[in-house]
Amino acid sequence: MTSTLSNRVRGGQLVALITFIDAMSACWFGYCQGVFAGVLVSPDFMRLFPELNNGTISGAVTSSFFLGAFVGAVVAFVLGDKLGRKKTIIAGHILNTVGAALQTSPYSLVQLVIGRTLNGIGIGITSTMSPVYLGECVQPHHRGRLLVIGASSNVSSFALANWVSYALAFRDGPIQWRLPLGIQLIFPFLIFPIAPFVPESPRWLLLVGREDEAKQVLARLNDESVTGESVTVDYNSIKASIRLERSHRVPLMDVLRNRDKTQNLRRLILSCGGQFMQQFTGINSLGFYLPTLLHESVGYSLQMSRLLAAINGTVYFVFAFFSLVVVDRVGRRKLMLYGCLLMTACHLISSLSLKAAQEQPSQAKTFGSVTVAFFVIYHAVFAPTWAGIPWVYAAEVNSIGWRTRGAGAATATNWLTGFAVVQFTKVGIDNLHWAFFLSMSHPAQTSANPQRTDRLTVFAVLCLLFFPVVYCFYPETARRKLEDMDEMFFRNPSWFVFGKEEMTQPTRPQTLVDAELARISDSQVTVIEVAPDKIEK
């Protein structure tokens, strides 16, 4: 019965359901990131867990989510090609559900940490596999926008978590923090009922030799019969790409030495590099600890700190959906470049405001408010640029045989660097206060000049350094078919891409269109030579 009903879901409706699962997976991810910031400033929570007044322990509990997510990404790396995209995602959400239930009902720190870790493992699996699954099921001219819907949904639920935290700030007792954590349990009721109606990825089915099933899925996605023209073209193109990739397969050690023509190591590094750079723009330091920073370092009340964090989350949410308009039109590469420059400006202006606050203590509150304002502007810049692009990029740039591994390695990089950043953020706030977000070292004062400051704007410098990295090494992936990626790296073995129009233009080059036609033609010739009786029929 379920099989019959699922076969009736075709074309745009089917793509919408797959996109919905990706969006809800991303929502769960974003909510987990946003909700704990409000929990950490709940008086009842701190009374139950007084150990968290120690910055080291607080950082460890918070970052246990990231450590779990790192493990989850590694699990996806190992199992993604064995279980398939869909089953791996479902397994991740089962772990999410168990972890969320444990976090909602803890009376011991051990239970809380286990819940956060399991939740992290589940999120690590789904954040790796869900974009890959969606990317392999949709057409290239829709892929960027649909993948960005997931990233924007992540930001939406992050904003929702902040507003839930603010709404409950006026309530006393356990409801102030147990209810926000328990809201996570809504997500499985949205995801699990839809799962039976969506198919496995057609590219994974072809990768493991289940060709008839792959044709059926392509027919459902294209809303055509299995003999339809677009189904035949997609099927032949994917199959030819897999055959071409396998013909150039080399031992793993040669891959790690970058001796394979498909350059899987280079593409893996590009995926991981995007996630590494995203984390070191400072986004998670602010995301997890902004209410704490505003309350302890700036002096706002708890209610005002929660309100400002919620307003910031809403700005983040609104600007995230702006990327839907520009991600395919402007391209991944230019958005990352523009983001680097604008985020650098935000950090530098914040630094100048802090310097002015040191020099004019009577105006410290005003200049502090300016810094907060530019934290908000920073989120408005980050949202349409670096919030979603690294996730989109990792789902696109890798070859079909390495797509799960590439996405897994990229996600593991995201969570591992996020773990490091969040682990030391609370300690940094306790010791350096605002300077933690902007400085490499403590303000150095001398008797000759008590206001002298040796401050290096770390995040500003890093954002600026990321600009030449993207400009020199990151090719454009917008509007290309996933099978085009192999051709791009075949034709351009140099790691440098600047000055090469084929590698940097935001539209699909004609050379890649011609290469696809050639692949399909070669595939058909091979079929004629191997099985002429089928052609005669």
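For clarity, every value in this text was computed on a predicted model and none was experimentally measured.

Take the overall build of the chain next. Tallying secondary structure elements over the chain gives 26 helices and zero strands in all. Classification of the 537 residues of the chain by burial places 57% in the buried group. Counting only contacts in the chain whose residues sit at least 6 apart along the sequence, the fraction spanning at least 24 positions is 80%. For the chain, the accessible area works out to roughly 21,200 Å², and carbon and sulfur atoms hold 66% of it.

Further remarks concern the environment of Arg-329. Topologically, Arg-329 is positioned in the loop between helix 17 (323-326) and helix 18 (332-359). Spatially, the C-alpha atom of Arg-329 lies 9.6 Å from that of Gly-144, the residues being 185 residues apart in sequence.

Right, let's get into empty space enclosed by the protein. Considering all chains together, one arrives at five cavities of 30 Å³ or more under this definition. Looking at the largest cavity, its volume works out to about 370 Å³. If you list the elements that add at least two residues to the lining of the largest cavity, you get helix 2 (11-39), helix 6 (109-137), helix 7 (140-167), helix 14 (264-279), helix 15 (283-298), helix 19 (364-382) and helix 20 (389-396). Considering every element that reaches the lining of the largest cavity, the biggest residue donor is helix 7, with six residues. Here the residues of the lining of the largest cavity sort into 13 nonpolar, 14 polar and one charged.

This part covers the packing of aromatic side chains. In this structure the tally under the stated criterion is 22 aromatic pairs. Pairing Phe-29 with Trp-391 gives two aromatic rings, centres 5.6 Å apart and planes at 75 degrees, and the pair type is edge-to-face. Here Trp-391 lies in helix 20 and Phe-29 lies in helix 2, a separation of 362 residues in the sequence. Like Phe-29, the residue Trp-391 is buried in the burial classification. With a centroid separation of 6.4 Å and 5 degrees between ring planes, the pair formed by Phe-467 and Tyr-471 is classed as stacked. One end of the pair is Phe-467 and the other is Tyr-471, both in helix 22 (residues 458-473) and four residues apart, which spans about a single turn. Overall, the relative accessible area of 25% leaves Phe-467 in the partly exposed class. Among the aromatic residues, ring-to-ring pairing joins Phe-29, Phe-65, Phe-66, Trp-391 and Trp-415 into one connected group. The side chain of Arg-178 reaches across the aromatic face of Tyr-107, ending 4.3 Å from its centre. Between the NZ or CZ atom of Arg-405 and the centre of the ring of Trp-402, over which it lies, the distance is 4.8 Å.

On to unusual backbone geometry. A negative phi holds for most residues other than glycine; trans holds for most peptide bonds. For Asn-258, which is not glycine, the phi dihedral falls at a positive 60 degrees. Unlike most non-glycine residues, Gln-263 shows phi in positive territory, near 55 degrees. Judged by relative accessible area, which is 4%, Gln-263 ranks as buried.

A separate point is the nonpolar core. Side chains of nonpolar character tend, in soluble globular proteins, to be buried together. Residues Ile-18, Tyr-316, Phe-382 and Trp-386 are the most contacted members of the largest nonpolar core, which totals 69 residues. The leading source of residues in this core is helix 18, at six residues. With residues near it in sequence (within four places) discarded, Ile-18 still touches Tyr-133, Leu-134, Cys-137, Val-198, Pro-199 and Leu-221. Within the second largest apolar cluster, 32 residues are counted, among which are Leu-52, Val-61, Ala-69 and Ala-73.

Here the focus is the environment of Val-381. Mapped onto the elements of the fold, Val-381 is located in helix 19. When residues no more than four places from it in sequence are discounted, the contact partners of Val-381 are Gly-339, Leu-342 and Met-343.

Attention shifts here to helix 11 (residues 211-222). Turn by turn, an α-helix covers 3.6 residues, leaving residues three or four places apart pointing in a common direction. The end-to-end C-alpha separation of helix 11 is 16 Å, in line with the 16 Å expected for twelve residues at 1.5 Å each. Among all positions of helix 11, only Ala-214, Val-217, Leu-218, Ala-219, Arg-220 and Leu-221 are buried. Taken from the residues just after helix 11, Asp-223 is the one with a positive phi, measuring 55 degrees.

Moving on to helix 5 (residues 85-104). Over its 20 residues, helix 5 runs 29 Å from end to end, which matches the ideal 28 Å to within 8%, given 1.5 Å per residue. Three or more residues of helix 5 are buried, namely Arg-85, Thr-88, Ile-89, Gly-92, His-93, Asn-96, Gly-99, Ala-100, Gln-103 and Thr-104. The buried residues of helix 5 all sit within an arc of 135 degrees when viewed along its axis, so they share a single face.

Turning to the confidence of the model for the chain, a few remarks are in order. Looking at the chain as a whole, its pLDDT mean stands at 83, while 86% of the residues score no less than 70. Ranking the elements of the chain by mean pLDDT puts helix 26 (residues 532-536) last with 38 and helix 5 first with 95. Scored below 50 in pLDDT, residues 439-456 shows 25 contacts in the model against residues more than four places distant or in partner chains. Below pLDDT 50 for its whole length, residues 525-537 participates in three contacts with residues either more than four positions away or in separate chains.

With that settled, the discussion passes to the packing of helix 2 against helix 6. Helix-helix packing is characterised by the crossing angle of the two axes and by the distance between the axes. Packing of helix 2 against helix 6 leaves a shortest axis separation of 9 Å and a crossing angle of 150 degrees. In terms of orientation, helix 2 and helix 6 fall into the roughly antiparallel class. Helix-helix and strand crossings are classified by hand; for helix 2 and helix 6 the assignment is left-handed. Across from Ile-18, Thr-19, Ile-21, Asp-22, Ser-25, Trp-28, Phe-29, Cys-32 and Phe-36 in helix 2, the residues of helix 6 making contact are Leu-112, Arg-116, Asn-119, Ile-123, Thr-126, Ser-127, Ser-130, Pro-131, Tyr-133, Leu-134 and Cys-137. Broken down by class, the residue content of the contact of helix 2 with helix 6 amounts to twelve nonpolar, six polar and two charged.

A separate point is a nonpolar patch on the surface. Nonpolar side chains collect at one region of the surface, where Val-74, Phe-77, Val-78, Leu-79 and Leu-83 lie side by side and expose about 350 Å² of accessible area between them. As for its position among the elements, Val-78 is in helix 4 (residues 55-83). Residue classification places Val-78 among the partly exposed positions, given a relative accessible area of 44%.

The subject of this paragraph is the pattern of salt bridges. Following the criterion strictly, the structure yields 18 salt bridges and no others. Here Asp-81 ties to Arg-85 by a salt bridge, and the two come within 2.6 Å at their closest N and O atoms. A residue is classified by how much of its surface remains accessible, and Arg-85, at 0% relative accessible area, is buried. The shortest N-O distance in the salt bridge between Glu-502 and Arg-491 comes to 3.2 Å. Note that Glu-502 is positioned in helix 24 (residues 501-504) and Arg-491 in helix 23 (residues 484-491), a separation of eleven residues in sequence. Three or more residues joined by partner-sharing salt bridges are found here, namely Arg-143, Arg-145, Asp-328, Arg-332 and Glu-396.

Rules of the game
- Residues numbered from 1 in each chain as written.
- Predicted model: local features only at pLDDT ≥ 70, side-chain atom pairs only at ≥ 80, totals over all residues.
- Heavy atoms only, no water.
- Helix = DSSP H or I, 4+ residues; strand = E, 2+ residues; numbered from the N terminus.
- Buried < 20%, exposed > 50% of the residue type's maximum accessible area, 1.4 Å probe, protein only.
- Contact = heavy atoms within 4.5 Å.
- Areas by Shrake-Rupley, 256 points an atom, 1.4 Å probe, with all protein chains shown as cover.
- 1 Å grid on protein atoms, 1.4 Å probe; cavity = no way out; pocket = protein on both sides within 12 Å on 5 of 7 lines; lining within 4 Å.
- Points joined across faces, edges and corners; volume = space filled by probe spheres on them.
- Nonpolar A, V, L, I, M, F, W, Y, C, P; charged D, E, K, R; others polar.
- Phe/Tyr/Trp six-rings, centres within 6.5 Å; stacked < 30°, edge-to-face > 60°.
- Lys NZ or Arg CZ within 6 Å of the ring centre and 35° of its normal.
- Core = buried A, V, L, I, M, F, W, Y, C linked by side-chain atoms within 4.5 Å.
- Expected span 1.5 Å × (residues − 1).
- Arc of directions from axis to C-beta.
- pLDDT = per-residue confidence, 0-100.
- Axes fitted to C-alpha atoms, helices over the stretch in contact; angles between N-to-C directions.
- Parallel < 35°, antiparallel > 145°, perpendicular 65-115°, else oblique.
- Left-handed = near helix turned anticlockwise from the far one by under 90°.
- Patch = residues over 30% accessible without salt bridge, like charges linked within 9 Å, V, L, I, M, F, W, Y side chains within 5 Å.
- Salt bridge = Lys/Arg side-chain N within 4 Å of Asp/Glu carboxyl O.

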